[in-house]
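Architecture at a glance
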Amino acid sequence: MGKIEMEAGKPVVPDRVSIPYIEGDGVGAEITPVAQAVIDAAVKKCYGGTRAIEWLEVLAGEKSFNAVGTWLPDATLDAFRYYLVGIKGPLTTPVGGGMRSLNVALRQELDLYVCLRPVRWYKGVVSPVKEPQKVDMHIFRENTEDIYAGIEWAAGTPEARKFYDFLAGEMGVTKVRFPETSAFGVKPVSQEGCERLVRSAIEYAVDRRLPSVTLVHKGNIMKFTEGGFKNWGYALAEREFFDPTFTMNRYEAIKKEQGAAAAREALATAEAAGRVIVKDVIADAFLQNTLLIPEEYSVIATLNLNGDYISDQLAAMVGGIGIAPGANINYKTGHAVFEATHGTAPDIAGQNVVNPSSLLLSGAMMLDYLGWAEAAQAIEAALERTFGQHRATNDLARFMENGETLSTTAFGEAVIKNL
């Protein structure tokens, strides 16, 4: 087997490639083998044995702690660094000490600055919204900055007191209402971090001929962090992607200089030419619009906390987080870790009832990233075919008309049969 190399900014993938994987805690032991079986079957069906994956298990989480006494071994990080691409099940977050989140630690250690969450509806899945087929979005969530950087101090600690004293004494801050009982968190947002996220989102939209990139932010309130994200994003689009995009900043400039009619004409011309429209929207308005006019949005670029909320809301609109795939990617180095987006679900672990679709679809994303698009599309089509037969695990089947509830393993077998 071989490893992936980067050439001219693109991954070069051997026909027989080694992929490290973390089984995951809780239900991870059930969904991982099912996802691997479906992925292997799709690769074999599409390429007739000329391509294959060698799965290399590496440790993390509770399984790792029980085996080697550490939650995230250096050997695991080294494997992901060396092989570039990997996949993981859900991981337990240590309680009472250690790192805040194993998922966040992986993202920060490997500088996986994009959390990519594509969200679409699959025919046959019952949705709480009237027209789920209109939801087809690709969320680019910044993965390494914002409040998730973990820079915070608990109320009542000497560190919190020291931080407040600095704010009040050195920075002249007077707006902390209850300083003695306040906890504090810092929200770092950099120009470089914003630019590389927006760059990746625009390149993704251009490569896939998607209609728009929307910068979602709260720049009306957080003017220098979220507002900086918006401003840096627009500036990058106009500087590096002037030809394949048309920004709403440019629209406003034309409107100011030449009038509304000229601006509308310029926008219509750009849309007719297939240029990617780069626009922005305030985060709370965007969450409302996803319910009212989801068809207006395609690629979403946003900061870390906003992206967390948005990803889960959109997943709920198409049937739930159980069918929501995800990836953490550094497009510059080529490193990518694909993952189940749900938790370890200890209440149902070991019962063979969990839905493996999130990890399965993340595996399809991985295949697409490798350039094995035929196998990725085969998995998505087989999954939709299975749902269309009203067959699913209990979390989805119970809402389907005449739904047939399948176990985790039986569902995987049904998807393979439908390839």
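Use the structure listed above.
Structural notes, computed from the coordinates. What you see is a predicted model; the values in this text were computed from it and never measured.

Another point: the overall build of the protein chain. Within the protein chain one finds 15 helices and 17 strands. Whereas a compact globule of 419 residues would reach a radius of gyration of roughly 22 Å, the protein chain reaches 23 Å, a difference of no more than 12%. Its C-alpha atoms give the protein chain principal-axis dimensions of about 60 × 60 × 50 Å. Within the protein chain, contacts between residues separated by at least 24 positions form 73% of all contacts whose residues are at least 6 apart in sequence. On the protein chain, roughly 19,100 Å² of surface is accessible, and the fraction owed to carbon and sulfur atoms is 52%.

Glancing now at the sheet that holds strand S6 (residues 114-120). In spatial order, the strands read S4-S3-S5-S15-S14-S6-S7-S13-S10-S12-S11; together these 11 strands make up an open sheet with mixed pairing. The open sheet has two edge strands, strand S4 (52-57) and strand S11 (245-247), and neither has a second partner. Each neighbouring strand pair of the sheet contributes to a mean axis angle of 25°, computed without reference to strand direction. Pairing of strand S10 (residues 212-217) with strand S13 (residues 299-302), which is carried by 4 bridges, proceeds in the parallel orientation. Across the sheet, Val216 pairs through a bridge with Thr302, a residue of S13.

So, about the nonpolar core. Residues Val85, Leu367 and Phe387 are the most contacted members of the largest nonpolar core, which totals 87 residues. Broken down by element, the residue count for this core peaks at 9 residues, all from helix H12 (residues 357-370).

Let's shift gears to the pattern of salt bridges. All told, the structure shown has 24 salt bridges when counted by the stated rule. Where Glu380 meets Arg120, a salt bridge forms, and the shortest distance between an N and an O atom there is 2.9 Å. Separated by 260 residues along the polypeptide, Glu380 in helix H13 (residues 373-388) and Arg120 in strand S6 bring together distant segments of the chain. On the basis of relative accessibility, which here comes to 27%, the residue Arg120 falls in the partly exposed class. Put simply, Glu226 and Lys187 hold a salt bridge, and the shortest N to O gap is 2.9 Å. Of this pair, Glu226 sits in helix H7 (residues 226-240) while Lys187 is found in the loop between strand S9 (184-185) and helix H6 (191-208), placing the two residues 39 residues apart along the sequence. One continuous salt-bridge network, built from bridges that share partners, spans Glu195, Arg199, Arg239 and Glu240.

Of the residues making up helix H3 (residues 74-83), those classed as buried are Thr76, Leu77, Ala79 and Phe80. Down the axis of H3, the smallest arc covering the buried residues is 155°, so these residues share one side. For H3, the exposed residues lying more than 90 degrees away from the buried face are Asp74 and Ala75. The inward-facing, buried residues of H3 contact strand S3 (16-22), strand S5 (85-88), helix H4 (102-109) and strand S15 (336-340). In the segment just after H3, Leu84 is the residue with positive phi, at about 75°.

Each value, and the rule that gives it
Residues numbered from 1 in each chain as written. Predicted model: local features only at pLDDT ≥ 70, side-chain atom pairs only at ≥ 80, totals over all residues. Heavy atoms only, no water. Helix = DSSP H or I, 4+ residues; strand = E, 2+ residues; numbered from the N terminus. Rg over C-alpha atoms; globule rule 2.2 N^0.38 Å. Contact = heavy atoms within 4.5 Å. Areas by Shrake-Rupley, 256 points an atom, 1.4 Å probe, with all protein chains shown as cover. Pairing = 2+ DSSP bridges. Axes fitted to C-alpha atoms, helices over the stretch in contact; angles between N-to-C directions. Core = buried A, V, L, I, M, F, W, Y, C linked by side-chain atoms within 4.5 Å. Buried < 20%, exposed > 50% of the residue type's maximum accessible area, 1.4 Å probe, protein only. Salt bridge = Lys/Arg side-chain N within 4 Å of Asp/Glu carboxyl O. Arc of directions from axis to C-beta.

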